[in-house]
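# Coordinate analysis (summary)
These are the residues of each chain, in order.
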Amino acid sequence: MIKSWTLSILYSILDHIPPVVWLVINVVNDIILFWCYKFINYVRPKSRIQYHEAVKSLEIASTYNDWCEKATVVDEITGSNLWRRNFFSRRYDFNSVLEQYSLLSKYLASNDLESIKEKFCTIGPCMLRNFAGIVDKRLFTKALMGTKLLIEQYQEHVIQGLDLLDKSSTPTSYFQRCKLSLGTTALILKGGSMFGLFHLGVIKGLLSQNLMPNIISGSSMGACVASLFGCISNEELLNLLQEDKILNIIKYDIDLLRSSGYGNVEQHVNIGTLIQNLLHNGYSQDVYLFIQFVNKYIVKEMTFEEAYQKTGKVFNIVIHPTDPSCPNLLNYVTTPNMIIASAIYCSMGSGVILEDTKLLCKNLDNEVIPFLGGEKNIKTKFLAPENANINDSYSPYTRLTELFNVNNFIVSLARPYLAPFVVNDLKHEIKTSKYYYYKHYPDTPNAMILSQLDYTEMEPLAFKFKYHLERKLKNILTMEFRHRMEVLDNLGLLCSWVKRFIIDDKTPRSAIEITIVPKMKNLTVTRVVEGQLDNINYWLHGGVVNTWPVLPLIRTRCAIEYKLDNIIKTRRKKVNASYILT
């Protein structure tokens, strides 16, 4: 009682603070940050200043090609380009990779199809995703532009060999066996009720580089974005994500704006009311608006089976029902006749968007009926992801590996405040080694760009003891924090709104994963709380930009798999076309 009374007073005070006060606070915050950066640059050595200026230029890159040019300069400064050329490393078995590379070069030069087939068979080394440890994440934290050139050239030879076999009379079943041995990649969109629009940018960034997997799974707000991907073709989706396409559709739909609480777009909404909505419901106005847009224009009354027949994509929605007999992974295999819109609301949790949250499906007469009949339809509630307690054996992601042979996950974690606590994501830091202690710039074409900065003598970019001490302490504190939060959650001592910010579901330990996390540098509290209408474009751009540093790792892990997929799909289309003609 006292707690609710205190919160009511706090919300009332926030509601009566004039908007000009928040503007003054933002200006003061900008001034403080400016002088902090000024002081840091004053005490830094020249080499560190130049390095940070080069890294800062990455944040203003408008396209991926522009980002690559700026990343090349950063790799020149740190000497990472030389590290890429040297194939020696303790992180992978370079002798095995070099041996396979030499053999493939010999077989490709002589068009020895039988030897290539032997290398690509199910027991061959080329159809192992992590052959000789080539997809170790530590091989992708040295250089922004990628890993060892030997690994990249080895994969290019594998792809050339697949092209050669494709042009020959190799049966399609051979490529299917290779694909089964290699495994499948899935994109996981984890929650992020307040920041869930970040998932849109991740999908756009992967699609624009032809690295988007055909299997996608989402929970909470991620379920809504996954439905957008699963219900339309890639060409239609890319067209929809261009410029202000979504925003223009929404602006002309006055009924949609009013139903989402915007009314007059220029009106001011009380801060206290918005904060109360975020803490108790877990979503902002822009997120609620996007959910209504997807349900009205994209999903409508489509079922999982209808979506699969239309696009051929395998998209899944994760829910957490209180009834154990209800499946927690929904797709065209487990629940083909279920209506996607109802699954989205259930994934968010009972009472979050709709008070009466039910799973709906279509019967044989195409009529909409409850999926759970009788008393189950009334008693079954759906938990939000942070409130669900699932064992590894009953995890929906474990079920995903069983159904579709998924052994590689690309995880989009739309929670920017968790970025420092994600130990296994890619953090391109300065590594201390002999490559990073040049007093002069390397004699390469990009050295001309660096020489224009008038720095001929360079101090070391990092000191071994200081760097490793900071890194170890950071990892220890991160793991300790996550462990303590999980213990408190298991004991039931974490309140719901804290769990919404901290606790997240996990992928199977048997699979490998790549985590994409948004950065908070340009994120303001007012943008999140107010739910501004242009947040759709803001998070769309932020998702694309934060995907760029991860693309080399995704390309290395998935290039061979996607090549096999393209060969199989192309051959199936030819067979279907010839069947129709006959």
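- Identification of the protein as PNPLA domain-containing protein from Tetrapisispora phaffii is taken from an unreviewed UniProt entry.

## Looking at the overall build of the protein
- Assigned secondary structure in the protein consists of 26 helices and eight strands.
- Residues classed as buried in the protein amount to 50% of the 582 residues present.
- Contacts spanning at least 24 positions in sequence make up 79% of the contacts within the protein whose residues lie at least 6 apart.
- For the protein, the exposed surface amounts to about 29500 Å²; the carbon and sulfur share of it is 57%.

## Comments concerning helix α16 (residues 285-299)
- The terminal C-alpha atoms of α16 lie 20 Å apart, and with 15 residues this matches the ideal 21 Å at 1.5 Å per residue to within 8%.
- Burial analysis of α16 places 13 of its 15 residues in the buried class, which makes it a mostly covered element.

## A look at the environment of N130
- Mapped onto the secondary structure, N130 falls in the loop between α7 (113-120) and α8 (149-167).
- For N130, a relative accessible area of 42% gives the class partly exposed.
- In the structure, N130 is positioned 427 residues away from R557 in sequence and 7.8 Å away in space, judged by C-alpha atoms.
- Beyond its immediate sequence surroundings of up to four residues, N130 is in contact with V135 and D136.

## Observations concerning the packing of helix α6 (residues 94-110) against α7
- Interaxial distance between α6 and α7 falls to 9 Å at its minimum, and their mutual angle equals 150°. Judged by the inter-axis angle, α6 sits roughly antiparallel to α7. Considering the relative orientation of α6 and α7, their crossing is left-handed. Across the interface between the two elements, Q100, L103, L104, Y107 and L108 from α6 touch S115, I116, K119 and F120 from α7.
- When grouped by side-chain class, the residues that make up the contact of α6 with α7 number six nonpolar, two polar and one charged.

## Remarks on the pattern of salt bridges
- A full pass over the atoms with the stated rule returns ten salt bridges.
- For K70, the salt bridge identified is with D66, shortest N-O distance 2.7 Å. Taken together, the positions of K70 and D66, both in helix α4 (residues 64-78) and four residues apart, correspond to about one turn of that helix.
- Among the ionic pairs, K563 bridges to D163, the shortest N-O distance being 2.6 Å. Here D163 lies in helix α8 and K563 lies in helix α26 (residues 551-581), a separation of 400 residues in the sequence.
- The exposure class assigned to D163 is partly exposed, which follows from its relative accessible area of 26%.

## What about unusual backbone geometry?
- Of note, the phi angle at S220 is positive, near 60°, even though the residue is not glycine.
- Tracing the chain through its elements places S220 in the loop between β2 (215-219) and α11 (221-231).
- The phi dihedral of N405 falls on the positive side, at around 55°, and the residue is not glycine.
- By the secondary structure assignment, N405 is in the loop between α20 (396-404) and β7 (406-413).

## Digging into the pairing of β7
- Along β7, seven of the eight residues are buried, which leaves the element largely enclosed by surrounding structure.
- Two strands pair when backbone bridges link them, and strand β1 (residues 184-190) and β7 are joined in this way by seven bridges, in the parallel orientation. Looking at β7, one finds that L189 is bridged to S412.

Conventions adopted
Residues numbered from 1 in each chain as written. Predicted model: local features only at pLDDT ≥ 70, side-chain atom pairs only at ≥ 80, totals over all residues. Heavy atoms only, no water. Helix = DSSP H or I, 4+ residues; strand = E, 2+ residues; numbered from the N terminus. Buried < 20%, exposed > 50% of the residue type's maximum accessible area, 1.4 Å probe, protein only. Contact = heavy atoms within 4.5 Å. Areas by Shrake-Rupley, 256 points an atom, 1.4 Å probe, with all protein chains shown as cover. Expected span 1.5 Å × (residues − 1). Axes fitted to C-alpha atoms, helices over the stretch in contact; angles between N-to-C directions. Parallel < 35°, antiparallel > 145°, perpendicular 65-115°, else oblique. Left-handed = near helix turned anticlockwise from the far one by under 90°. Nonpolar A, V, L, I, M, F, W, Y, C, P; charged D, E, K, R; others polar. Salt bridge = Lys/Arg side-chain N within 4 Å of Asp/Glu carboxyl O. Pairing = 2+ DSSP bridges.

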